[in-house]
Amino acid sequence: QVQLVESGGGLVQAGGSLRLSCTASGRTVYNSYMGWFRQAPGKEREVVAAISSSGGSTYYEDSVKGRFTISRDNAKNSMYLQMNSLKPEDTGVYYCATGPRYGLWSRNKEGYDYWGQGTQVTVSS
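Within any chain, residue numbers begin from 1 and follow the written order of that chain's sequence. At least 70 in pLDDT is required for a residue's local features to be given in this predicted model, at least 80 for side-chain atom pairs to be given and counted, and no such filter applies to totals for whole chains, interfaces and linings, which use all residues. Heavy atoms from the whole structure form the basis of all side-chain values; hydrogens and water molecules are not counted.

> Describe the state of the cysteines, listing the residues and the values that go with them.
In this description, a disulfide is simply a cysteine sulfur pair whose atoms lie within 2.5 Å. The final tally for this structure, using the stated rule, is one disulfide. With a sulfur-sulfur separation of 1.8 Å, Cys22 is cross-linked through a disulfide to Cys96. Between Cys22 and Cys96, the S-S dihedral sits near -60 degrees, and the bridge is therefore left-handed. Remark: Cys96 occurs in strand S9 (residues 92–98) and Cys22 occurs in strand S3 (residues 18–25); sequence separation between them is 74 residues. Working definition: with a 1.4 Å probe on protein chains only, accessible area under 20% of the residue-type maximum means buried, over 50% means exposed, and in between means partly exposed. The exposure class of Cys22 is buried, given its relative accessible area of 0%. What counts as a helix is a DSSP run of H or I of at least four residues, what counts as a strand is a run of E of at least two, and both are numbered from the N terminus.

Quick look at the structure:
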């Protein structure tokens, strides 16, 4: 079992920055890929960024490329999402998720086994 807890969300103005954190407990996520997803009201949960177990490979959804940076610190069993130049369309609940041990990297929500409860990000114009 694994538990994921997100933090760092809040209300910011367009152009501002936030840094989201996700900390896992219950087991190490050293051998698992991880990802950040967001869900806006009335929309499907979609991937924002994903990162391989080692941190050596990353994926970004087109709309956040150049603005968001995903990273992880396996010593802390944690993952982060640095969000810069935020736009109102970035508003939503951001979820941390992790895939299975030794699993192939995935950008799809179906490829993730465990989810955090989410943290709200609101970007005002």
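> Give a description of the packing of aromatic side chains that names residues and reports values.
Two descriptors summarise a pair of aromatic rings, namely the distance from one centre to the other and the angle between the planes of the rings. Centre distance within 6.5 Å is the pairing criterion for rings of Phe, Tyr and Trp, where only the six-membered ring of Trp is used; planes under 30 degrees apart are then read as stacked, over 60 as edge-to-face, and the remainder as tilted. What the rule picks out here adds up to five aromatic pairs. One aromatic cluster in this structure is built from Tyr33, Phe37, Tyr112 and Trp115. Remark: a charge is flagged as sitting over a ring if the NZ atom of Lys or the CZ atom of Arg is within 6 Å of the ring centre and within 35 degrees of the ring normal. A cation over a ring is seen here: Arg19 above Tyr80, with NZ or CZ 4.1 Å from the ring centre. Above the ring of Trp115, the side-chain terminus of Arg45 is found at 5.0 Å from the ring centroid.

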